[in-house]
Amino acid sequence: LIMAGVAALNYFLLPETQSADMRQRAQQQRIASAFRGSLAAWWPMLRDSPNLRGAMLVAATHMFCVAGAQLTLLPLLAATQFGMTAPQIGTIFAVQSVVNIAVTQPGARVSDRWGRKPPIVVGLMFMALSVLLSPVASTAL
């Protein structure tokens, strides 16, 4: 506790040795260097593998579609069709996040044990089933 107090005092009381402009330029150089390194590693794979480019395009499209539907359309649907209040909608999104966090590690273990395809296929089947059943839902829960 004492060391945390000393660290806080040092942070607030000691003068900065670099100007804000120098710090900003150094940060920009680190970001640019990291981007160049990442691009140098990925570019040969992207250039030489049309399958990888296609998979990345499909993944990005799926991410944007799901995020767009989930973050804009679902709250509107829940409020207008099901008469849910903002706290109820927020609770549903919070529960979704908690479930996502809770299932990630066990899902990784399943994937390590049986490979990637079986969990992906099962997950996609559940997603397809939920999408197919959503039009016939008559209540929020």
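All values reported here derive from a predicted model rather than from experimental measurement.

**Structural notes on the overall build of the protein chain**
Consideration 1: Helix and strand content of the protein chain: 5 helices and 0 strands.
Consideration 2: When its helices and strands are written in sequence order, the protein chain yields α-α-α-α-α.
Consideration 3: Taken along the three principal axes of its C-alpha coordinates, the protein chain extends 65 × 50 × 35 Å.
Consideration 4: Counting only residues that meet the buried cut, the protein chain has 3% of its 141 residues in that class.
Consideration 5: Surface exposure of the protein chain reaches about 12100 Å², of which carbon and sulfur atoms provide 71%.

**Describing the pattern of salt bridges**
Consideration 1: What the rule picks out here adds up to 2 salt bridges.
Consideration 2: Residues D21 and R25 are paired through a salt bridge, measuring 2.4 Å at the closest nitrogen-oxygen approach. Of this pair, D21 and R25 both sit in helix α2 (residues 20-48), 4 residues apart, which is roughly one turn of the helix.
Consideration 3: Relative accessible area serves as the criterion here: at 44%, R25 is assigned to the partly exposed category.
Consideration 4: Among the ionic pairs, R47 bridges to D48, the shortest N-O distance being 3.2 Å.

**Some points on the environment of A59**
Consideration 1: Relative to the helices and strands, A59 is located in helix α3 (residues 50-80).
Consideration 2: Note on A59: relative accessible area 45%, which makes it partly exposed.
Consideration 3: In sequence terms A59 and D21 are 38 residues apart; their C-alpha atoms lie 38 Å from each other.

**A look at a nonpolar patch on the surface**
Consideration 1: Together, V122, F126, L129, L133 and V136 line one region of the surface with nonpolar side chains, adding up to about 500 Å² of accessible area.
Consideration 2: One can find L133 in helix α5 (residues 117-133).

**Section: the environment of A137**
Consideration 1: As for its position among the elements, A137 is in the segment after α5.
Consideration 2: The exposure class of A137 is partly exposed, given its relative accessible area of 38%.
Consideration 3: Taking the C-alpha atoms as reference, A137 lies 9.6 Å from F82; in sequence the two are 55 residues apart.

**Remarks on α2**
Consideration 1: Its 29 residues give α2 an end-to-end C-alpha distance of 42 Å, which sits within 8% of 42 Å, the value for a rise of 1.5 Å per residue.
Consideration 2: W42 marks where α2 bends most, by close to 35°; the proline P44 follows one to four residues later.

**Some remarks on the environment of D21**
Consideration 1: Residue D21 is classed as partly exposed on the basis of its relative accessible area of 43%.
Consideration 2: A polar contact of 2.4 Å, which involves the side chain of D21, links it to the side chain of R25.

**Details of the packing of α2 against α3**
Consideration 1: Interhelical geometry of α2 versus α3 gives an angle of 105° and a closest axis separation of 5 Å. Considered as vectors, α2 and α3 are oriented roughly perpendicular to each other. For the pair α2 and α3, the contacting residues are W42, M45, L46, R47 and D48 in the first and P50, L52, R53 and M56 in the second.
Consideration 2: Looking at the contact of α2 with α3 residue by residue, the class counts come to 6 nonpolar, no polar and 3 charged.

How each quantity is defined
- Residues numbered from 1 in each chain as written.
- Predicted model: local features only at pLDDT ≥ 70, side-chain atom pairs only at ≥ 80, totals over all residues.
- Heavy atoms only, no water.
- Helix = DSSP H or I, 4+ residues; strand = E, 2+ residues; numbered from the N terminus.
- Buried < 20%, exposed > 50% of the residue type's maximum accessible area, 1.4 Å probe, protein only.
- Areas by Shrake-Rupley, 256 points an atom, 1.4 Å probe, with all protein chains shown as cover.
- Salt bridge = Lys/Arg side-chain N within 4 Å of Asp/Glu carboxyl O.
- Patch = residues over 30% accessible without salt bridge, like charges linked within 9 Å, V, L, I, M, F, W, Y side chains within 5 Å.
- Expected span 1.5 Å × (residues − 1).
- Bend = angle between axes of the 7 residues up to and from the residue.
- Polar contact = N/O pair within 3.5 Å; in protein donor to acceptor, adjacent residues only side chain to side chain.
- Axes fitted to C-alpha atoms, helices over the stretch in contact; angles between N-to-C directions.
- Parallel < 35°, antiparallel > 145°, perpendicular 65-115°, else oblique.
- Contact = heavy atoms within 4.5 Å.
- Nonpolar A, V, L, I, M, F, W, Y, C, P; charged D, E, K, R; others polar.

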